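Structural characterization, general
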Amino acid sequence: MEIERFLSTTGPAFRIKVDGQTYSYLDYCPHKGRVITSEGFLIVDGRIRCPFHGAEFDIKSGELKVLPVSKTPCPPNCRLIPAV
Ligand code: FES
């Protein structure tokens, strides 16, 4: 799986290719606002795992699939934000 970082119109972002489709999101974890492609970033079973507290997001939709391991819950509408 290829990941390419770029600067979108709304900030740092990344592209990821899956099954011939490219998905782009802001490089930002909606849990606590950290850079999601930091060291330890993983792709697991079609999900992007944040290295900080383990929240996992569906690559294709950006939806939260696995809650973070943290005392701080995710805010409402916790999902990856598409980048253009
Ligand atoms: S900052 Fe990403 S899971 Fe907490």
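The sections below set out a description of the structure shown in this document. Residue positions are given per chain, counted from 1 along the sequence in the order it is written. Two thresholds apply to this predicted model, a pLDDT of at least 70 for residue-level local features and 80 or more for giving and counting side-chain atom pairs, whereas whole-chain, interface and lining totals are computed over all residues.

In this description a helix means any DSSP run of H or I spanning at least four residues, a strand means any run of E spanning at least two, and both kinds are numbered starting from the N terminus. What the chain contains, in helices and strands, is 0 helices and 7 strands. Listing each helix as α and each strand as β along the chain from the N terminus yields β-β-β-β-β-β-β. Each radius of gyration is computed over the set of C-alpha atoms, and the globule rule expresses the reference value as 2.2 Å times the number of residues to the power 0.38. Since a compact globule built from 84 residues should have a radius of gyration of about 12 Å, the 12 Å found for the chain is in line with a globular shape. Overall, the C-alpha framework of the chain stretches about 35 × 30 × 25 Å when taken along its three principal axes. Our exposure labels follow a C-beta count within 10 Å of each residue's own C-beta, placed from the backbone: buried means 20 or more other C-beta atoms, exposed means 12 or fewer, and partly exposed covers the counts in between. Considering the chain as a whole, with its 84 residues, one finds that 24% of them fall into the buried category.

With that settled, consider the pairing of strand S2 (residues 11–18). Only strands joined by at least two bridges in the DSSP assignment are considered to pair. With 6 bridges joining them, strand S1 (residues 3–8) and S2 adopt antiparallel strand pairing. Counted as the bridge partner of Ser-8 is Gly-11 from S2. As defined by bridge partners, S2 adjoins strand S3 (residues 21–26) across 6 bridges and the pair is classed as antiparallel. Residue Phe-14 lies in a different strand from S3, and its bridge partner there is Tyr-25. Between the antiparallel neighbours S2 and S3 lie 2 residues, among them Asp-19 with a positive phi of about 50°.

Here Thr-22 is to be found in strand S3. On the neighbour-count criterion, Thr-22 (10 C-beta atoms within 10 Å) is exposed. As for Thr-22 and Glu-56, which are separated by 34 residues in sequence, their C-alpha atoms are 18 Å apart. What counts as a contact here is a pair of residues whose C-beta atoms, placed from the backbone, lie within 7 Å. Beyond its immediate chain neighbours, meaning those up to four positions away, Thr-22 contacts Arg-15 and Lys-17.

Our focus in this paragraph is the sheet that holds strand S5 (residues 47–49). Pairing within the open sheet is antiparallel, and its 4 strands lie in the order S4-S5-S6-S7. At either end of the open sheet lies a strand with only one pairing partner, and these are strand S4 (42–44) and strand S7 (64–66). Direction aside, the axes of adjacent strands within the sheet are offset by 35° on average. Orientation is described by lines fitted to C-alpha atoms, with helices fitted over the stretch in contact, and by angles between N-to-C directions that extend from 0 to 180 degrees.

This next bit is on the sheet that holds S3. Two pairing modes exist for strands in a sheet, parallel and antiparallel, and in both the strands are linked by backbone hydrogen bonds. Across the sheet, which stays open at both edges, the 3 strands sit in the order S1-S2-S3 with antiparallel pairing between neighbours. In this open sheet, the two edge strands, each paired with only one partner strand, are S1 and S3. Here the average twist between neighbouring strands, direction ignored, is 30°.

Read these as spatial facts, not as claims about activity.
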